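# Examination of the molecular architecture
Listed below, chain by chain, are the residues.
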Amino acid sequence: MSLKLTTQAYCKMLLHAAKYPHCAVNGLLVAEKHKKKDSPRDSVLCVDCVPLFHGALALAPMLEVALTLKSRLIRPGNIFPVFNCPILIDAWCKENKYVIAGYYQANERIKEARPNQVAEKVAARISENFSEAAMIMWKCREPSTDCFEDWIEAQKITAALLESKSYESLVDFDNHLDDLRNDWTNPEINKSVLHLC
Amino acid sequence: MSSISELYDVSWEEMRDKLRKWREENFRNSEQIVDVGEELINEHASKLGDDIWIIYEQVMIAALDCSRDDLAWSCLQELKRQFPDSHRVKRLAGMRLEALERYEDANKLYDSILQDDPTNTAARKRKISILRAQGKSSEAIRELNEYLEQFVGDQEAWHELSELYINEHDYAKAAFCLEELMMTNPHNHLYCEQYAEVKYTQGGLENLELARKYFAQALKLNNRNMRALFGLYMSASHIAASPKVSAKVKKDNVKYAAWATSQISRAYQLQHLPAGVMLTSLALSISTKTPYTTAASAGVAVVIEIHGRRQT
């Protein structure tokens, strides 16, 4: 079972790390929902990423908001509160037929690339719903190119985006919580990536 | 390449004022500071008067952040020339050594400052930052604790210590640091909210109730703090779902959670975001063990190091 990243997923991960070079950053990777439910996949293609937080990653509440708030059928007489939050991650996944397939984390210090408690717990939670989940820890070495759908294209586009400082406009979930108008799906950056392809 | 003043159609006075704003509010937008500051220094140095020295300092630190050693070096030279025996400039020289990862040399410099002036807090804090940069968290924590015994009022240090404790998952001690900050800054909604997050992460019914109260307090101080609103919702939901609470407590918390959901919906609607999917929280079916107490026993299927060997 191998993991592959599209250019869009890779670019946004990198831009997230580039925007906050002095912080630890983390986020989720999503893959398209597999049509054949019973047959296992031979490779998982992560088509997009959701940058989550920067700074203190080891606090639970907002991570839970990002991971666990889900949509469900409203049953009459349901005593539990419901609310209208179409922008939350699970709703977005359902709309686009994505499934959360992985988690990435870049630690504060580039030399420290081991998964810590946070990374392991998030990955465990993700793998409850997706058995082929993957965790990506950022290191500062040459990547192995078979993780990429198209490494040459990914390199070229990332270089162009870094050059134009596109990371300044990247929005993560933290930015969204600071101001709800900030869109963590980053449609403008997606457009730039598509445009450069 | 066009200059900042051309690109944004700003005068040198506006650039100088912008730098002052960033300096006063302690922003870490280093790339912008370098762009604006470098132009100001190169083109308008004579007009800046005595402001130039503090701008050199600000630009130097930003240049270190952006790996612009050339710019940092030239700023440092100007400052050394103007203030030859200054400890403040010596500390900047130390920071440059830190940026070059010459930690031994930097430490020697800071030690010489402390020999001259044992009360120099800046040099002590830089030594602690070196420990943090080297990943020596426990030593950094120990030194910072010793520092705070002497300089109890240093809020920046209390906040740094709380961050260190959070990274080490020592939430009880992180909470203590935030309590100190809340005592001296009772109107700061961010400290309240962060304290609540730490309590929530600690887990357990008592901590969840405290978390809910402090999320509520943060909201009282700033009713637009979305984290506090979500936090209130999550903590009230967890308490309501707990089998250990009485029926009354359950009912009250369901009410609090319901209030929070209506406020969250309203906040999104006010942004004219499209109404759509109705949501409930999966948190309600979570057991009383908070996610942070469950071990990673499920085991992740694959761990891939993107820049290294693939491991299964």
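Residues numbered from 1 in each chain as written. Chains lettered and ligands numbered in written order. Predicted model: local features only at pLDDT ≥ 70, side-chain atom pairs only at ≥ 80, totals over all residues. Heavy atoms only, no water.

### A short note on the overall build of chain B
Heads up, the rule is: Every helix listed is a DSSP run of H or I at least four residues long, and every strand listed is a run of E at least two residues long, numbered separately from the N terminus. By the convention used here, residues are in contact when the closest approach between their heavy atoms is within 4.5 Å. Residue exposure ignores everything except the shown protein chains as possible cover, and the areas themselves are Shrake-Rupley values with a 1.4 Å probe.
Regarding its fold elements, chain B presents 15 helices and three strands. At a minimum sequence separation of 6, the contacts of chain B that also span at least 24 residues come to 50%. Of the roughly 16300 Å² of accessible surface on chain B, 49% is carried by carbon and sulfur atoms.

### Examining the packing of aromatic side chains
For clarity, the threshold we go by: We call Phe, Tyr and Trp rings a pair once their centres come within 6.5 Å, taking the six-membered ring for Trp, and we label the pair stacked below 30 degrees between planes, edge-to-face above 60, and tilted otherwise.
Inspection of the entire model under this criterion finds 10 aromatic pairs over all chains. In this structure an aromatic cluster arises from ring pairing among F53(A), W92(A), Y98(A), F173(A) and W184(A).

### Side note on the environment of A93(B)
Residues and elements named next belong to chain B. When you line up the elements, A93 lands in helix α6 (residues 87–99). C-alpha separation for the pair A93 and L48, spaced 45 residues apart in sequence, amounts to 23 Å. Those residues within four positions of A93 in sequence are excluded, and the remaining contacts are L76 and L109.

### Focus on the nonpolar core
Operational definition: Throughout this description, the term nonpolar core refers to a set of buried Ala, Val, Leu, Ile, Met, Phe, Trp, Tyr and Cys residues connected via side-chain atoms within 4.5 Å. Residue burial is assigned from relative accessible area. The probe radius is 1.4 Å, only protein chains are included, and a residue is buried under 20% of its type maximum, exposed over 50%, and partly exposed in between.
Membership of the largest hydrophobic core comes to 108 residues, with the highest contact counts inside it found for I89(A) and F173(A). Considering each element in turn, this core owes the most residues, nine residues, to helix α14 (residues 226–241) of chain B. Excluding anything up to four places from it in sequence, F173(A) contacts P51(A), L52(A), F53(A), M62(A), V65(A), A66(A), L88(A), I89(A) and W184(A). Ranked by size, the runner-up nonpolar core spans 37 residues in total, among them I4(B), L48(B), L64(B) and L71(B).

### Considering the UniProt feature "repeat: TPR" (unreviewed entry) in chain B
Our working rule: UniProt positions are given in the numbering used here, feature names are shortened, and annotations may be inferred rather than shown by experiment.
The UniProt feature table records "repeat: TPR" (unreviewed entry) at residues 155–188 of chain B. Counting secondary structure, residues 155–188 of chain B comes out at 79% helix and 0% strand; the distance between its end C-alpha atoms is 13 Å.

### A few points about the packing of helix α9 (residues 137–150) of chain B against helix α10 (residues 155–167) of chain B
Residues and elements named next belong to chain B. To keep it simple, the criterion reads: Here an axis means a line fitted to C-alpha atoms, over the contact stretch when the element is a helix, while the angle between two N-to-C directions is reported on a 0 to 180 degree scale. Convention used here: angles under 35 degrees read as roughly parallel, angles over 145 as roughly antiparallel, angles from 65 to 115 as roughly perpendicular, and any remaining angle as oblique. Here a crossing is called left-handed whenever its near helix is offset anticlockwise from the far helix by less than a right angle, and right-handed whenever the offset is clockwise. Just so you know the grouping, Ala, Val, Leu, Ile, Met, Phe, Trp, Tyr, Cys and Pro go in nonpolar, Asp, Glu, Lys and Arg go in charged, and all remaining residues, Gly too, go in polar.
One can describe the packing of α9 onto α10 by two numbers: an axis separation of 10 Å at closest approach and a directional angle of 150°. Taken as axis vectors, α9 and α10 run roughly antiparallel relative to one another. Crossing of α9 against α10: the hand is left-handed. Here A140, I141, L144, N145, Y147 and L148 of α9 lie close against α10, whose contacting residues are A157, W158, E160, L161, L164 and Y165. Residues belonging to the contact of α9 with α10 are distributed by class as follows: 10 nonpolar, one polar and one charged.

### Quick look at the environment of R23(B)
Residues and elements named next belong to chain B. In this structure, R23 sits in helix α2 (residues 12–24). A relative accessible area of 26% places R23 in the partly exposed class. Linking R23 and K47, residues 24 residues apart in sequence, is a C-alpha distance of 19 Å. Residue contacts for R23: discarding those within four places in its chain leaves I54, I55 and Q58.

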